[in-house]
Structures are given as structure tokens and as C-alpha cells.
Amino acid sequence: MSAVRMPAHAAAAMPGEACSSLRPSLLASTGLRVDRGLILFRPRSFGREAASVRIRGRRSRIACSVSEGEVSKNAAGSKGSVFGQEQDLRIPHSLVKDLPAASRYVACTVIVAGALAAGYAVGARTKGTTLASVGGAVALGALGGATAYALNASAPHVAAVELHNFLVNHPDPESLKREEVDSIAKKFGVNKNDERFISELRDLYDRYITDIIPPGNEDLRGDEADHITRFKSALGLEDPEAATVHIEIGRRIFRQRMETGDREQAVEERRTFQKLVYVSSLVFGEASKFLLPWKRVFKVTDSQVEVAVRDNAQRLFQKKLDALGGSVDAGEIGELRRAQLKAKLTDEVSAELFRDHTRKQLEVYIGQALEVLKSRSRIKDTGKIISTLDDMLAYNAALAALSSQYDKSSLCPGVGPASILGGQFETDRLMDDLKQLYRTYLTEAFAGGSLAPEKVEALSHLKNVFGMGNREADDILLEVTVKVYRRKLAQAVSGGELDAAPSKAAFLQRLCEELQFDPRKAGEVHEEIYKQKLEQCLADGSLSDADVASLLRLRVLLCIQQQTVDAAHEAICGRLFTKIVDDAIGAGVDGYDADMKNAVRSGVTGLRLTQESAMAIASKAIRAVFKTYVKRSKTAGNRVEQARELKKMVIFSNLVVSELIADIRGDTPVEAPKEEPKPTPEDDLDELEMLQTLKKTKPDAELEARMGKKSQSEITLKDDLELRERSDLYRTYLLYCLSGETTGMPMGTQIVTQRDSSEFVRLGQLGTILGLSQMEVAEVHKGLAEQAFKQQAQVILADGQLNKGRMEQLTELQKQLGLPAESAQKVIKTITSTRMAGAIESAVNQGRLTVEEVKELKEAGVDVDNMISRDVREKLFKKIVDGVFSAGTGDFTESDIYEKFPAELNLDTVRAKKIVETLAKERLTNSLIQAVSLLRQKNPAGAVASLNNLLACDKAVPSPPLKWAVQEELLDLFCLYVKDEKASDEKAGRLQELLGIDDATAQKLKEEVQEGGFSSFGVEEEEYAF
């Protein structure tokens, strides 16, 4: 049984359209029936199953139901193709296939006519009546019409099968021409817009796209879009119809991706979908934006579509780059530009890909060079390394030439000099390999003895290719140049060329110019050579006369300056002498014997050190020991322990340091370092000399003889410690000298067990070691004496009262301590002032302090600035000014406010004037408001006083006319002020200006007041009423 869906437009196009209106009974009598829009017929003359064809939706499928034997037979006999296997036609369809369209129409007409005639004859023969004849004609005519309709309706199906089989047997579907498709449609009289025929076209187009787009992770070839476009054009498919096929393929891929459970397969399906999106965008061009609604159908974003297009375009472009290899042909690179535009790849991405390609080419060259450089062979093939690097530079130069000689729009973006930055050689480890290649190339560039200009340019390009900085390249250049310079210098010295040169400096200058070597760097090389020679000569610990002569010759040959030689001797010989000094110091007081003395003297003479250099070395080591003693003293537990450490330092200086300095100096008399004394008043120094503790630091002849050795004064801690630290250390030992050694007793008491006057002598020596001047030492003694005097004076002046008896006690105490009279008076004044300051502070807190009291204190000699803070004095001044502005007199005396009171309070006049101006501005408006308020309260005296305050503020800070909402109140204020007997004409005139009253109004108001027409708040009316 065959089933054919016959749309309305198809039925209208077929001959015998009246058959569509046949009743079901008639169709049933002829073996036909209608089921859900399908005309089903069962041919009686065929003994096998009929084919069933059903076209569904947008995409048609031709399904033939045949027996298993026929399927196997057809499968074995058909040829495989991208379009599947050949499709067989049933006998009725075969008849349609063999009939052209015109012949089919004639046959249908014959069938209908013959059926009518046969029906008429059968009716006439059976019944013999006219009605029977017509009935028979109608019955058989309906059967013939149905048969004719079925034949014509199967024509699109036959045409679709014919086209399908044609493409299956076509040797090259890509060479399909549109005329061939049109000829098949024309042969069967099929309209190309017929739904069944278009469905077959879409099915063929679907199969072709599915076959040509590589599945999974396979990359596109790049010609898929062209083939699909040609095939679509050959089929005659319009873009909207073709677009539906692309969307349907996308649905199938998307559905397979969702249904699969394998992650890898899902990734492959996604890659296939991305390739479909990309190829579709190339096929439809700009129209793909509205023909292919990927975002709406598949719920993908615009960025995902862009990524799919970009990634596939990159892969296609990368294949072109891989095929390009290391070629720099302009035609091939121009072809890359066309491939980029065809693949719809942006200039930015293509430029990045091309630069990445050129970087990889450079990495290939570098890898070859490194392979030779790192080979395990004993002899490196340096020539191969250089040739490889030269080829790499030539490749880079060709790229640079292309970018400059051709139009950039005709070349692939990114053409230009390349670099390895961003590649695998950017790590620190591999960058060291690049530096080694650069060093090798540079070394070979110096093979001829000089650096040629072309090599300089090649080195610059090589540096840029390697991505090296100027500093790195300069360091390698300096390293290699130094080696070459030392080698050529050694040849010149050993060959006698430098000795024979009339000018050693000119010879060295010429050598530097040949190597393009900086003369200053050459001087550093000479210094290093001299130091190496000096260390060789000092191998036995001393310099002989032959060594000195050899060093002098080397110095002349290399033109080394004397200061450089001295610095080298001081550094190298000083290192050896430092060890001798450290041994002498480490021996201590008991170990510094005759052998150690000889070692020190031999070190000075054998190393040819000057006394200044030897003393500088010794000073550094000795000062380190001094600082160790100081550190121990600071970390000691109590003051006695601190003093003992300082005492050890003094003894060490007397017994070891003095002897060491004498051995270094030899027979040369010791001269104390001359220092510029600080200018100090002689009177002050004489007064300080009277301090008892300071006198004890200067021993007499007997005590000095008993002390033995004198202390040295050349090595001190003056530059190592701050003055405050040195003064504190000296004060600590001074307190120790005053208190002596103490011993703890039961019940927490202490007794002095030892006190020696020689400790004061050591105190003086400690001051010398600490680098304290006489004035600085005297200041320490003075401070300690002042502290003792202050402690006892506070007891004497406990109540703050100073009388004659207490003054005599303080004078006697001053003489005992040797404290200068000025210092004693200062302490006494401080104590009395402190007591007085307490009283002043109490008065300030209670608000009882006035300007007159401050003036009295100032006259009594009290330091007002220290006793009373500036804030308090400014507060008092504000109180005075506020009183002037609220007195109600309208008077403001500038001399008192700006000069007298600031002088009495020790305030700055500028600051005082700012205070007055600030207060005046604040009180000006408030005075007007207060005057109006009192006017409303019917207080004439208070209102006049407020107006006077307003005038006083105006004198301090002249004000423009004031604004008020109710003008009548201002007029009343003016009348009230004019009526006051104490008001002067000058003040009334200024008040008129401030209130903004013109002259005519003011005169009228004055006359009214004089005539008695102005009543103060209705007083007269109230009295009259009473």
C-alpha cells in the first residue's frame, strides 16, 4: 500500500482536480480511501509490498518499506556515497520515471477518458438505461481520475529519488551544476518550490555539510565554505532554506552532546558545533547575523559565537603559518594576508599569531646554536654557532626589510623585526644560555683583534632579538672586552712593545680605541693588575727592594696614579697589618711582650706602611675594642658594674694602646692631633675650673708619678658615639668616683668600702678616650653640682620664702660645691619661681588673675611668658576687649587696646589686633539685635547702651550699613539715641550711616524729637491716661 500526502497547492496543480471532491464511497469502490489527508491505494496488479512515502516537517526522508531480500539485494548492488545508497522505485513510480511530463499528462487524459467510456459502456450493457450508463461512466471515471491524480502526485517524489540517485552515482558532487538539477526537475515537470522536492534538496544539502565538516578534534581544511557555497548554489537553495539546514544540523549536534555520557565525546561534539558556526558564518557572510539565530535557538551568548569564529579562524591561519615555515617571500606573506581576510580574522589576532610564528622560528635557530654550545665534545664548533646566529639575524633583517619596503595593507599584520620575548627563553635559566650565546658571538667578533662596525650593528640586533637590556649587554661587552684587553696588554708587555713605546699613555690610548674600550675601565683593569702583582709580592709577608722595583716598573708601564697605588697598599698591606694589630690587642695587658712589640714594628717597616696608614688601621681595631667595653658598660646591672667596665677600658688604653702606638710611631715623638678648639668664653671656663670634682681630675706631680704610664689621646671615640652618650658614660664614672665602692649590709643598708682619689685621674683619662673637650667635661661636672645644689636648696626653700639666713646657707653650699654664682642664682630663682607658679596657676583656675596682677608680677621679675601660658594671657586680653565692647559708652581707645594691654600681657600686637577684629565682627551684629530686642521690651536705657556698643565695635572694625527687616524699628532706635542727652553729634551721625538712614529722614527725625513729637514707648500716653 502506498500513502501520499497531497497538499492543497499540489492537488490544484494536477490534472483531474475534480477527483479531490469525490465522495469516500466512490473512492472505496475503486480501491482508494482517504485517511488523515492521505490517499491510500492498493494496486491489485502487483504482488509485492507497495512503498510508503511520507514527507515530514522541514527535513524530508524517503522511506521505502521492502522485503528483507530486496533490501539485502539493493544494499549489495548499490554504491556507497556521502548521500547514502540508491533508492528503488515501485512499479507505479517506475512508470512515472519512464514517462516525460508531457507523455504523463497525455496518459492521464487517456486513462480518465477510457475509464469514462468503459463505465458508460458497462452501464449501458448491464441495465441498458441512460441512467445506468451515466452511473457506470461516473464510477469508472472516478477510478480513472484517482489513478491519474496518483500518477501526477508521485512526480515530485520520483524527481527527488531521481536527483538522489543522480548524486549518489555522481563522480564528483563538488562539480555538480545547477543545470543538471534543473533538468531533472524539468523532466518530471516538478516545480522547484514544491515542498517534497525542496525537502530532498535540504536532505542532500544536510548530508553534504555533515560529510564535509570534519568531526571531533579534526581541524578544518579551509575550503569547506567554498565547497558548501558552490554545492548550495548548484542545488538552487535559497539562503533562508539553507540556513534552516544549518540550524537543524546544529540541533542534532547539540542534542548528541546533551545525550552523550562521555566527557571527551561531549568536547568533540562542542568542537564540531563550533566548526559548524564558523563555516556557516563564512557561507552566509553578514547575513548570518539574522539568518542563523544561534543565541536564540541554542541559548549561547554572542561572546561564545565570537570565540567559536575566532578559534577556528586562528587554527586555519596557523596552518597557513606552519606551511610558510621560515620563508620570508613577499608573495607568500601577501597570500597570508588574503587568507586572513578570507578567514575573517582580526588584524590584532593575526599579528599576534604571526609574531608568535616568527618567535618560534627564532627559537629554532637558537635551539640549534645551543645544541652545539652545550655538546659534550671537547672542541666546540664555534663557527657553526656563529653561522646559525647569522642566519637568524638575516631572517630577522628580511622581516624588517619587508615591513619597510611594502605597503602594510598588502602584507600580513605583524610583519617586522621579531624578538623572543614572551617565549620559552624568557625564564632566568634559559636567559643565561642566551647570554652565553651573546658572549660567544661577541668573543668571535673580537677574533681579529678589533670590533668591526658591521659586528657592532649585528651585536645590537642580536641584543634586541634576545630581549636583553642595555645593562646586561654592556656587562657582557665589558667582560669580554676586559679579557681581550688584558690579553693584548700581556702580549705588549711580554713582547716589549710597551717598554719600547716612547709614550706609554699614547700606546694604551690607541689600544683602547682599537677595542672601543672606555679608558676609565682600562684604568680599573690596570689597578686590578697592580693589586694582583702586589699580592704576589706579599706572599712572604713583606716587600723586598726587588718587589718595590718591580711594582714601580708596573706602575710606570700602566700609568697608574700615586693615589691609586697608595689605596691599593693601604687595602692589601693594611689587611695583613690588621691581623698583626688584632693579635697584639688580643694578647691583652699581660701578653703584650717584647716579641709582640717586634712583630708590630716589623709589620710597619716590612709592609712599607706610612705612620698615618698604620695608625688608621690600628685606630679602627682599637676603637672596636673601646666600643665593646662601652657596650658591656651599658648592659651592666648597676652603676658600680658600669663604672668597672669603663675602668677596664681606661687601663687597657694606658697599658696596651699606649705601647702599641709607641711601637707604630717608633722613635718619632707622639704629637696629639690638633683640633680647632670651640670658642668658649674664658670667664666661663675659669668659673667652671672652680668645681671641686673637676679639680680632682688634674693630678699633681706626686700622684701622676704614682699612677705610672700616661694615657694616650690619639685614638678616641669622638666620631663613634654621640655627645649625649659620651656625656652619660662620663657622668656614670664621675658618680662612681664620688660614691666609691659600696658593700651591701643587712637591713638593706650599704657602706662605702673603698674610695681612692686616683679614680678622679682615671676619670680625666676617660674623658680623653671619650673625646670630650674641656668645656664638655666641665658641663658634666657643672650639671652634677647643680643637681646636688638643687636637692639641698629645695629643702632649705621648702616654703618658697627667701631670707637672709637662708641665703647665707645657700652661699656656703655653693662654695663647697664650687658652683658658679650665676648657676646657683639660677637654681634659687627656679625654685622660688616654681613655688610662685603654683600660686599663679591657682589664681588662673579660679578666675582671680587680672591684668594689674600680671603687671605686678612682671615688675617683680617674674618670667610671665613661662609662668602664664599664652592661651591664658590671650583669654585675659579677650576679657578686657569684651568689656570695652559691652561697656555701653561707645568709647574705643586704640592706644590702650592695641599697645598698652598687649605690652603688659607680653602679646604680639599683630595677634592682638586679629583678636580685637574677630570679637568686633561678632559683637557688631549682636549689638544691633540686642538694641532692637530692648526697644521692643521698652527699655530705652538698655537700647541706647547697645547702640553705643555697636558704635564701639564699628570703631574697631568699620562696618557697612546694616540690614534689618523692619525699617521703622531702625528709625525708632535712631530717634531714641538722638533723644539721649549723652549722645554726641558725631556718634549720632555715625549711627545714622550704620542704620542706613538718609540725611533728609534723619533731619526730619531730629526735628520731631526736638519738638517733642517722639514718645518713648508711649510713656506720655500712659501718663495722660492715668
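Residues numbered from 1 in each chain as written. Predicted model: local features only at pLDDT ≥ 70, side-chain atom pairs only at ≥ 80, totals over all residues. Heavy atoms only, no water.

1. Describing the overall build of the chain
Here comes step 1: Counting secondary structure elements, the chain contains 47 helices and 5 strands.
Here comes step 2: With 1026 residues in all, the chain has 42% of them scored as buried.
Here comes step 3: Sequence-distant contacts in the chain: of pairs separated by 6 or more residues, those separated by 24 or more amount to 74%.
Here comes step 4: Split by element, the accessible area of the chain, about 56,000 Å² in all, is 51% carbon and sulfur. (Helix = DSSP H or I, 4+ residues; strand = E, 2+ residues; numbered from the N terminus. Buried < 20%, exposed > 50% of the residue type's maximum accessible area, 1.4 Å probe, protein only. Contact = heavy atoms within 4.5 Å. Areas by Shrake-Rupley, 256 points an atom, 1.4 Å probe, with all protein chains shown as cover.)

2. Some points on unusual backbone geometry
Here comes step 1: Although it is not a glycine, Lys299 sits at a positive phi angle of roughly 60°.
Here comes step 2: Looking at the element boundaries, Lys299 is found in the loop between helix 14 (294-298) and helix 15 (302-324).
Here comes step 3: Judged by relative accessible area, Lys299 falls into the exposed class, the value being 71%.
Here comes step 4: With phi around 55°, Arg608 is a residue other than glycine that occupies positive phi space.

3. Describing the confidence of the model for the chain
Here comes step 1: On average, residues of the chain score 75 in pLDDT, and 75% of them reach the 70 mark or higher.
Here comes step 2: Under a pLDDT of 50 for its full length, residues 745-753 has, in the predicted model, 16 contacts with residues more than four places off or in other chains. (pLDDT = per-residue confidence, 0-100.)

4. Concerning the side chain of Thr388
Here comes step 1: Here Thr388 lies in helix 18 (residues 382-405).
Here comes step 2: On the basis of relative accessible area, Thr388 is assigned to the buried category, the value being 8%.
Here comes step 3: Polar contacts involving the side chain of Thr388 include one to the main-chain carbonyl oxygen of Lys384, which spans 2.8 Å.
Here comes step 4: Once residues lying within four places of it in the same chain are set aside, the contact partners of Thr388 are Tyr365, Gln368 and Ala369. (Polar contact = N/O pair within 3.5 Å; in protein donor to acceptor, adjacent residues only side chain to side chain.)

5. Looking at the nonpolar core
Here comes step 1: Within the largest apolar cluster, 179 residues are counted, with the highest numbers of intra-cluster contacts made by Tyr205, Phe466 and Tyr485.
Here comes step 2: Counting residues per element, this core draws most heavily on helix 29 (residues 639-665), at 11 residues.
Here comes step 3: Membership of the second largest hydrophobic core comes to 48 residues, among which are Ala912, Ala952, Ala983 and Ile997. (Core = buried A, V, L, I, M, F, W, Y, C linked by side-chain atoms within 4.5 Å.)

6. Points about the packing of aromatic side chains
Here comes step 1: As enumerated under the stated definition, the model contains 12 aromatic pairs in all.
Here comes step 2: Consider the rings of Phe273 and Trp294, whose centres lie 5.7 Å apart with planes at 85°: the pair is edge-to-face. Here Phe273 is found in helix 12 (residues 263-284), whereas its partner Trp294 is found in helix 14, with 21 residues between them in sequence.
Here comes step 3: We classify Trp294 as buried; its relative accessible area is 6%. (Phe/Tyr/Trp six-rings, centres within 6.5 Å; stacked < 30°, edge-to-face > 60°.)

7. A look at the pattern of salt bridges
Here comes step 1: All chains considered together, the criterion is met by 45 salt bridges.
Here comes step 2: A salt bridge links Arg310 to Asp311; the shortest N-O distance between them is 3.6 Å.
Here comes step 3: Using a relative accessible area of 39% as the deciding quantity, one classes Arg310 as partly exposed.
Here comes step 4: Judged by its relative accessible area of 19%, Asp311 falls in the buried class.
Here comes step 5: Two residues, Lys627 and Asp720, come together in a salt bridge whose shortest N-O distance is 3.8 Å. With a gap of 93 residues between them, Lys627 in helix 28 (residues 611-634) and Asp720 in the loop between helix 32 (701-707) and helix 33 (723-739) connect regions that are remote in the sequence.
Here comes step 6: Among the charged side chains, a salt-bridge network with shared partners connects Asp356, Arg359, Lys360 and Glu363. (Salt bridge = Lys/Arg side-chain N within 4 Å of Asp/Glu carboxyl O.)

8. Observations concerning the environment of Asn193
Here comes step 1: Its place among the elements puts Asn193 in the loop between helix 8 (178-187) and helix 9 (195-212).
Here comes step 2: The exposure class assigned to Asn193 is exposed, which follows from its relative accessible area of 61%.
Here comes step 3: Counting along the chain gives 44 residues from Asn193 to Leu237, while the straight-line C-alpha distance between them is 9.8 Å.

9. Re the packing of helix 26 (residues 562-591) against helix 27 (residues 594-606)
Here comes step 1: At a minimum axis distance of 10 Å, the contact between helix 26 and helix 27 shows a crossing angle of 160°. Between helix 26 and helix 27, the angle is such that the two are roughly antiparallel. Helix-helix and strand crossings are classified by hand; for helix 26 and helix 27 the assignment is left-handed. On the side of helix 26, the interface is formed by Phe577, Ile580, Asp583, Ala584, Ala587 and Gly591, while helix 27 contributes Met596, Ala599, Val600, Gly603 and Val604. (Axes fitted to C-alpha atoms, helices over the stretch in contact; angles between N-to-C directions. Parallel < 35°, antiparallel > 145°, perpendicular 65-115°, else oblique. Left-handed = near helix turned anticlockwise from the far one by under 90°.)

10. Quick word on the environment of Ala793
Here comes step 1: Among the structural elements, Ala793 can be located in helix 35 (residues 774-796).
Here comes step 2: Judged by its relative accessible area of 0%, Ala793 is buried.
Here comes step 3: When residues no more than four places from it in sequence are discounted, the contact partners of Ala793 are Leu810 and Ile831.

11. Observations regarding the packing of helix 40 (residues 870-885) against helix 41 (residues 894-904)
Here comes step 1: For the pair helix 40 and helix 41, the least separation of the axes is 11 Å and the interaxial angle reads 150°. Crossing hand, helix 40 versus helix 41: right-handed. On the side of helix 40, the interface is formed by Phe877, Ile880, Val881 and Val884, while helix 41 contributes Ile897, Phe901 and Pro902.
Here comes step 2: In terms of residue class, the contact of helix 40 with helix 41 is made up of 7 nonpolar, no polar and no charged. (Nonpolar A, V, L, I, M, F, W, Y, C, P; charged D, E, K, R; others polar.)

12. With respect to the side chain of Ser927
Here comes step 1: Relative to the assigned elements, Ser927 resides in helix 42 (residues 909-936).
Here comes step 2: Ser927 has contacts with Ser946, Asn949, Leu950 and Cys953, leaving out every residue within four places of it along the chain.

13. Quick notes on helix 46 (residues 999-1010)
Here comes step 1: In a regular helix each residue adds 1.5 Å, so 12 residues correspond to 16 Å; helix 46 covers 16 Å between its end C-alpha atoms and thus fits that length.
Here comes step 2: Of all the residues in helix 46, the buried ones are Ala1002, Leu1005 and Val1009. Along the long axis of helix 46, the arc covered by the buried residues comes to 65°, so they all point the same way. Turned more than 90 degrees off the buried face of helix 46, the exposed positions are Asp999, Ala1000, Lys1004 and Gln1010.
Here comes step 3: Tucked into the core, helix 46 has its buried residues touching helix 44 (967-979) and helix 45 (985-994). (Expected span 1.5 Å × (residues − 1). Arc of directions from axis to C-beta.)

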